[in-house]
Amino acid sequence: MNPFRNKRKLRGYKEFLYILPFIALVAVFAYYPLYGWIYAFFDYRPPQPMTMDNFVGLKWFKSLVQNQVKVNQILVVIRNTFAMSGITIATSWLPMIFAIFLNEIRFMPFRKFVQTITTIPNFISWVLVYSVAFNIFNSTGMVNHLLISMGLITKPILFLQASDHVWLTQWLWLTWKNLGWAAIMYIAAITGIDEELYEAAKVDGATRMQRIRFITIPSILPTYFVLLMLAIASFLSNGMEQYYVFQNAFNKNSIQVLDLYVFNLAMGSGSYSVSTALSMLKSVISIVLLCVANGISKLVRGESFL
Amino acid sequence: MKIRIKKIHQKQSAGDIMISVTTYVLYAIFAFVCIYPFYYIFINTISSNVLSAKGTILFLPKEIHFKNYVDAMRIPGLLNAAMISVGRTVIGTFLTVIATAFMGFMFTRDSLWHRKFWYRFVIITMYFNAGIIPWFLTMRNLHLTNNFWGYILPVIVSPFYIILAKTFVESIPKELQQAAEIDGAGTMKVFFRVIMPVIKPIMATVAIFSAVAQWNAFQDTLLLMTDDKLYSLQFILYQYINQASSLSSLVNSSSTSAVAQSIATVQTATSIRMTVTILVVGPILLIYPIFQRYFVKGIMIGAVKG
C-alpha cells in the first residue's frame, strides 16, 4: 500500500479518537433519550423498576383518543397551542416592519440606541420577565397605583390572575421580549441591499414609501420566508418556560400549551408513560412539519433551508 | 430644471417629516417600554421600603438607602444559589467554547475518518429531540439529577455553535495550516498554535451566547434538581416571587438590630422581590451593551448559514 495514504489514514483515525469524547456526548444527550420512548409502551411507575410485566403496548396512545377526560384536556391544550402559535405566525411580519422603519431613521445615535435597548429583553430569562410583570402589575404595583391615583379604578385589578385575554397578554410578553432581537436579522438583510438601487429610485422621483415598497420589502422577503417556514416547523413547540412561570390556578385553562401540558402531566401527576407517549407523538409530528416546511421552501424558492 | 428638482424635494420632505416624526415617537415609546421596567425596579430597591411597597416611586428614588442589598445576603440560600449560577456559567462556558472551537476545526479536516458522516451525526440533532420527559428519565438513569454536572454535560456540544465555528475556520486560508504541517506540527499543535489565535472573535461570540444561556437557564433546575444546594439564582428568584412575604419576616427577624431598624429599611415582600430581581438581571444589563456587537455578529453568521 502507498505509505503516504496509509499515514494519512492513520492520522484520520487518530483525529477521530480526539473527537470521540464529544461524539459520545452527542450520542448520550441527543440520541440516547430517544430510547426513553419505550416508556410510552410500559406502565412505568417510578421508583419501581420497569419490567416486562408492565408492558402495555399501545394502551397509552389509545387512551389519548379514547379516554373522554384525556381527550377533552388534550383538545383544550391543542386549542391553546394553535392559538399561541397562530397569533405568533399571524404577526410574524412585525419584526420586518420594525426593521424597515428603524432603517429609515437617519439620526444614527438614536437608531443605535433603539437597537441596543430593544434587544435587551431577549437576553433575560422568562423568570425575570415574570418578575418584571409581577413587580409592575401586581395589586400594589405601579400600574394599579397609577390607575387608582387617577381615579379610574377603586380596587386594584389582579392582572396576573386574570382568566381573560391570556393569549393576548402572553403574546404581548413574547413580543416585548423578542421583537427587537428578531428585527436584527432583517436589519442585516437591509444593510446588504445595494445602495445604488435607492439612488436610482430617488433620481426617478420615488417617495420614501415607494422606495420601501419596491426596493426594501422585495429584497428582504426571502429572509422573511425562511423565518416563516421555521416558525411553521416549530408550530407545536411553544416551549414551556414562559407558560410555566405565568401559569396559575386562574389562567391554567387558557395557558396550558402542549409543552407545558406534557411537563405538568409527568412532573405534576407522575404520569410518565402518558406524557412520554405525547412527547413522542409531538416529536414525530414536528419532524413531519419540518419536512413539509422544507418542501414548501424547495418548491417556492428552489432551495432548502436545512 | 433646478426648480423641478426643488419641487420634488419639497414634496418628499412633507411626507418624510410625517413618517419621521411618527417613527421617532413610536420607537422612543417602545424603547422606553423595554428599559423602564428595569429602571423602575432598580429605583425602588434603593428607595424607602414603605414607599416602594405602595408603588409610589415612579421616576426618581426617594429616601435613598442601600440596606436592601446588605439584607439580601441574609436571605437563606441566596449566596449558595449565586455560587451555583456563577459556577455553571464559568465552567459551562469554558467547556462549551473549547469543545466548539475544537469540533469546528476538526470538521474542516479532510483527513478525519468519515468526516461528513460525523458532521451530519452532530448537526442533525438540531432538528429533533426526544421530548423533555424521555430526556429527564435518561438524565435520571445517568445519575445526573441532583448533580452539578447535569447543568454542564448536556450543553457542551451545541450544533449551532459548531456551525458558526466551522464556517469561521473555513474562511481562514488553508495555507496557514499547511505551512505548520510542513514544519512537522501534528493536528493538536495546528489547533492550539495556528487555529486558536485566529478564531478568537468567533469564540468570543460563542462564549457570550453560552454564558447568557447558562445564567438564564431555569428549566434544567426545575426538571433535574430537588436538592436545594443545587438551585440556581433563576430558580430561587422564581420561588421568591411566590413566597416573598414569608421571607421578608424571616430576614427582618434574623436582623441583629431589628428593633433599632428604621421603618423605611424594614424588608417588605416588595423590597425582597425587587432586590433579588436586580441581583439576577444586573449582570446581563451590565455586560449586554459592552458585548452587543458579538451577539449581533453571532446571529448574522448564523443567518447566512442557517
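Residues numbered from 1 in each chain as written. Chains lettered and ligands numbered in written order. Predicted model: local features only at pLDDT ≥ 70, side-chain atom pairs only at ≥ 80, totals over all residues.

I tried to follow the overall build of chain A on my own but got confused; where do I start?
The number of helices and strands found in chain A is 14 helices and zero strands. Counting from the amino terminus, helix and strand elements in chain A follow one another as α-α-α-α-α-α-α-α-α-α-α-α-α-α. Computed over its C-alpha atoms, the radius of gyration of chain A comes to 26 Å, more than 25% above the 19 Å expected for a compact globule of 306 residues. With the principal axes as the frame, chain A shows a C-alpha extent of 85 × 80 × 35 Å. Contacts in chain A between residues at least 24 apart in sequence constitute 65% of all its contacts with a sequence separation of at least 6. (Helix = DSSP H or I, 4+ residues; strand = E, 2+ residues; numbered from the N terminus. Rg over C-alpha atoms; globule rule 2.2 N^0.38 Å. Contact = placed C-beta atoms within 7 Å.)

It is not clear to me how the overall build of chain B should be interpreted in this structure. Could you clarify?
If you tally the helices and strands in chain B, you get 14 helices and zero strands. For chain B, the proportion of its 306 residues judged to be buried stands at 40%. When contacts within chain B are restricted to residue pairs at least 6 apart in sequence, those whose partners lie at least 24 apart make up 76%. (Buried ≥ 20, exposed ≤ 12 C-beta atoms within 10 Å, placed from the backbone.)

Please clarify how the interface of chain B and chain A should be interpreted in this entry.
Bring the parts together and some accessible area is lost; that lost area is often taken as the interface size. With 71 residues of chain B in contact, the opposing surface of chain A contributes 70 residues. Mapped onto the side of chain B that touches chain A, the elements with two or more residues apiece are α1 (2-45), α2 (49-54), α4 (78-106), α5 (115-123), α6 (132-141), α11 (200-216), α13 (233-254) and α14 (269-305) of chain B. Per element, the largest residue contribution to the side of chain B that touches chain A is 16 residues, and it comes from α1 of chain B. Each residue belonging to the side of chain B that touches chain A can be placed in one class, and the counts come to 50 nonpolar, 17 polar and four charged. (Nonpolar A, V, L, I, M, F, W, Y, C, P; charged D, E, K, R; others polar.)

Can you help me understand the packing of helix α13 (residues 258-269) of chain A against helix α14 (residues 272-301) of chain A in this one?
For any two helices packed against each other, one specifies the inter-axial angle together with the distance between the axes. Residue and element names in this part refer to chain A. Running from N to C, α13 and α14 cross one another at 160°; their axes reach a closest spacing of 8 Å. Put simply, α13 runs roughly antiparallel to α14. With respect to the hand of their crossing, α13 and α14 are arranged in left-handed fashion. The residues of α14 that touch α13, namely those facing Leu258, Val262, Leu265 and Ala266, are Tyr272, Val274, Ser275, Leu278, Ser279 and Lys282. Class assignment for the residues of the contact of α13 with α14 results in seven nonpolar, two polar and one charged. (Axes fitted to C-alpha atoms, helices over the stretch in contact; angles between N-to-C directions. Parallel < 35°, antiparallel > 145°, perpendicular 65-115°, else oblique. Left-handed = near helix turned anticlockwise from the far one by under 90°.)

Before we go on, may I ask you to explain the nonpolar core in this structure?
Side chains of nonpolar character tend, in soluble globular proteins, to be buried together. Counting 132 residues, the largest nonpolar core has Tyr130, Ala183, Tyr186 and Val262 of chain A together with Met103, Ala165 and Leu237 of chain B as its most contacted members. Structurally, this core is a two-domain feature, drawing no fewer than three residues from each of domain 1 (2-72 + 231-296) and domain 2 (78-230) of chain B. In contact with alanine 183 of chain A, other than residues within four places in its own chain, are Pro95, Phe98, Ala99 and Leu102 of chain A. (Core = buried A, V, L, I, M, F, W, Y, C linked by C-beta atoms within 7 Å. Domains from an automatic or database assignment.)

Can you help me understand the domain arrangement of chain B in this one?
Residue and element names in this part refer to chain B. Taken domain by domain, chain B holds domain 1 (2-72 + 231-296) and domain 2 (78-230). Broken down by secondary-structure element, the contributors of at least two residues to the side of domain 1 that touches domain 2 are α13 and α14. Looking at the side of domain 1 that touches domain 2, its residues break down into 11 nonpolar, two polar and no charged.

Is there a simple way to think about the packing of helix α3 (residues 68-90) of chain A against helix α8 (residues 166-191) of chain A in this case?
Residues and elements named next belong to chain A. In the contact formed by α3 and α8, the axes pass within 10 Å of each other and the chain directions differ by 50°. In terms of their interaxial angle, α3 and α8 are classed as oblique. Note on packing geometry: the crossing formed by α3 with α8 is right-handed. Residue-level contacts link Ala83, Met84, Ile87 and Thr88 of α3 to Trp167, Gln170, Trp171 and Leu174 of α8. Here the contact of α3 with α8 is built from residues that sort into six nonpolar, two polar and no charged.

Sorry, what's going on with the confidence of the model for chain B here?
Caution applies to low-pLDDT regions: their predicted coordinates should not be interpreted in detail. Residue and element names in this part refer to chain B. Here chain B averages 84 in pLDDT, while 87% of its residues score no lower than 70. Note on residues 256-260: pLDDT under 50 across the span, and two contacts to partners over four residues away in sequence or across chains. Across the assembled chains, the prediction reports ipTM 0.87 with pTM 0.87. (pLDDT = per-residue confidence, 0-100.)

What am I meant to see in helix α10 (residues 187-198) of chain B here?
Within an α-helix, residues lying three or four positions from one another point in the same direction, as the helix has 3.6 residues per turn. Residues and elements named next belong to chain B. An ideal rise of 1.5 Å per residue puts 16 Å on 12 residues; α10 measures up with 16 Å between its terminal C-alpha atoms. Within α10, burial applies to Val190, Phe191 and Ile195. For α10, the angular spread of buried residues about the axis comes to 95°, placing them on one side. Within α10, the exposed residues directed more than 90 degrees away from the buried face are Phe192, Arg193 and Pro197. On its buried side, α10 packs onto α4, α8 (159-170) and α9 (174-182). (Expected span 1.5 Å × (residues − 1). Arc of directions from axis to C-beta.)

What exactly am I supposed to notice about α8 of chain A here?
An ideal rise of 1.5 Å per residue puts 38 Å on 26 residues; α8 of chain A measures up with 37 Å between its terminal C-alpha atoms. Taking the largest bend as the criterion, α8 of chain A deviates by roughly 45°, centred on asparagine 178 of chain A. (Bend = angle between axes of the 7 residues up to and from the residue.)

Any chance you could explain unusual backbone geometry here in plain terms?
Keep in mind that most residues, glycine aside, have a negative phi and that most peptide bonds are trans. Residues and elements named next belong to chain B. Here the phi dihedral of histidine 143 falls at roughly 60°; this positive angle occurs in a residue that is not glycine. Inspection of the secondary structure puts histidine 143 in the loop between α6 and α7 (149-152). Accessibility expressed as a C-beta count within 10 Å gives 10 for histidine 143, which makes it exposed.

Hey, could you run me through the environment of methionine 84 of chain A in this one?
All names here are of chain A. With respect to the secondary-structure elements, methionine 84 resides in helix α3. For the pair methionine 84 and phenylalanine 123, spaced 39 residues apart in the sequence, the C-alpha separation amounts to 21 Å. With residues near it in sequence (within four places) discarded, methionine 84 still touches Trp167, Gln170, Asn238 and Val257.

Looking at this structure, I do not really get the environment of lysine 54 of chain B. What am I missing?
Tracing the backbone through its elements, the reader meets lysine 54 of chain B in helix α2. Owing to 13 C-beta atoms within 10 Å, lysine 54 of chain B belongs among the partly exposed residues under this scheme. Here lysine 54 of chain B is in contact with Thr140 and His145 of chain A, once residues within four sequence places are set aside.

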